Amino acid sequence: AYAHVMISGCSVGSEAALAKLLGFKRVSSTEVTEEYVSIARDRFAHQPELRFYQYDGQTLPFRTGEFSMLISGHIIEHTPSPRQYLAEHLRVLAPGGFCFIEFPNRYHPWELHTNLPSCEYLPLPLRNGMLRLLASRFSPYSPEQRQLFDLVRRTLQPVSIGFIARALRRLPGPRSRIIHCYQPRLGFVRMVIRKGQPL
C-alpha cells in the first residue's frame, strides 16, 4: 500500500474512497465547505483511515512534510491566491513527494466553468475590466450569462503552466519542479510536481 495522501477539495468524500481502493493506507481530505465535510464524515464514519478536515482556504491543519502525495483537481483556480495555495500545499508535502494538479488552461477560447467566451488569457487588470463590461447592462449577453461573467470575475483566478513554473521558482528551499505536464482533453492542464529535496 502507498503512504499518506492528501486530497484537496474533497467535496463529500468520493475521491477519498477511491484513493483507499487504489491502495493508500491513510487518506486526509480538505474542504472549505462545512456541510460537505459533515456529509463526508457521516458517509465514512466506519472507515477511520479516511479523515476529513474543514479549513479556511489559507492555512492547512497539517505538519510540514506530512504527506507523500497530494492530489488537487480543479481547486487552485477557485482560490483567492493561487500562489499562496500552491506554496501552502507544497509545505505539507514531504521532500521528494509528488503533487498531482489539474486546472483549466487559461488560453482556451472558452471558459470551461460557464462555456462562455473566455477572457482568462488577458493580463489580470484587462481580464477583470472585460468581465465587468460583459457583466454590465451594456453587454449583448442575456441577464443569466451576465451573472456568470460576474461570477467568473469574482470567484475564479487565471492559472497557467507558466504561472505554476514561476511560482515554483519563487518558493524558498530546494527547487520543486514540474516533471510531467499534458492536456488530457482540450482546455485542461494536468501536471505532476515533485517537491525539491535537500542536497
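Residues numbered from 1 in each chain as written. Predicted model: local features only at pLDDT ≥ 70, side-chain atom pairs only at ≥ 80, totals over all residues. Heavy atoms only, no water.

Side note on a nonpolar patch on the surface
- A contiguous nonpolar patch, built from Leu18, Leu21 and Leu22 and spanning about 350 Å² of accessible area, is present on the exposed surface.
- Within the element layout of this structure, Leu22 appears in the loop between α1 (14-21) and β2 (27-31). (Patch = residues over 30% accessible without salt bridge, like charges linked within 9 Å, V, L, I, M, F, W, Y side chains within 5 Å. Areas by Shrake-Rupley, 256 points an atom, 1.4 Å probe, with all protein chains shown as cover. Salt bridge = Lys/Arg side-chain N within 4 Å of Asp/Glu carboxyl O. Helix = DSSP H or I, 4+ residues; strand = E, 2+ residues; numbered from the N terminus.)

Topic: the layout of surface pockets
- Empty space within the largest pocket amounts to approximately 280 Å³.
- Taken together, 15 residues line the largest pocket, and the ones lying closest to its centre are Gly9, Glu31, Val32, Ile75 and His78.
- Here the lining of the largest pocket is composed, by residue class, of six nonpolar, eight polar and one charged. (1 Å grid on protein atoms, 1.4 Å probe; cavity = no way out; pocket = protein on both sides within 12 Å on 5 of 7 lines; lining within 4 Å. Points joined across faces, edges and corners; volume = space filled by probe spheres on them. Nonpolar A, V, L, I, M, F, W, Y, C, P; charged D, E, K, R; others polar.)

Observations regarding the pairing of strand β8 (residues 177-182)
- In the sheet, β8 pairs with strand β9 (residues 188-194) via five bridges, with the strands oriented antiparallel. Note on β9: the bridge partner recorded for Ile178 is Ile193.
- Hairpin remark: β8 followed by β9, antiparallel, with five residues in the connecting loop; positive phi at Gly187, about 95 degrees. (Pairing = 2+ DSSP bridges.)

Remarks on a positive patch on the surface
- On the surface, Arg83, Arg166, Arg169, Arg170, Arg175 and Arg177 cluster together into a positively charged patch.
- The leading source of residues in the positive patch is helix α6 (residues 161-170), at three residues.
- Within the secondary structure, Arg170 sits in helix α6.
- The exposed category is assigned to Arg170, whose relative accessible area is 56%. (Lys, Arg positive; Asp, Glu negative; His and termini not counted. Charge placed at Lys NZ, Arg CZ, Asp CG, Glu CD. Buried < 20%, exposed > 50% of the residue type's maximum accessible area, 1.4 Å probe, protein only.)

Topic: the nonpolar core
- Core analysis: the biggest nonpolar cluster contains 23 residues, and Ile76, Leu86, Phe103, Ile164 and Ile193 have the highest contact counts within it.
- Those elements giving two or more residues to this core turn out to be β4 (67-73), α3 (82-91), β5 (93-104), α6 and β9.
- Those residues in contact with Ile193, other than ones at most four positions away along the chain, are Leu86, Leu90, Gly97, Phe98, Cys99, Ile101, Ile164, Leu168, Ser176, Arg177 and Ile178.
- Counting residues in each nonpolar core, the second largest holds 13 residues, with Ala16, Ala40, Phe44 and Phe52 among its members. (Core = buried A, V, L, I, M, F, W, Y, C linked by side-chain atoms within 4.5 Å. Contact = heavy atoms within 4.5 Å.)

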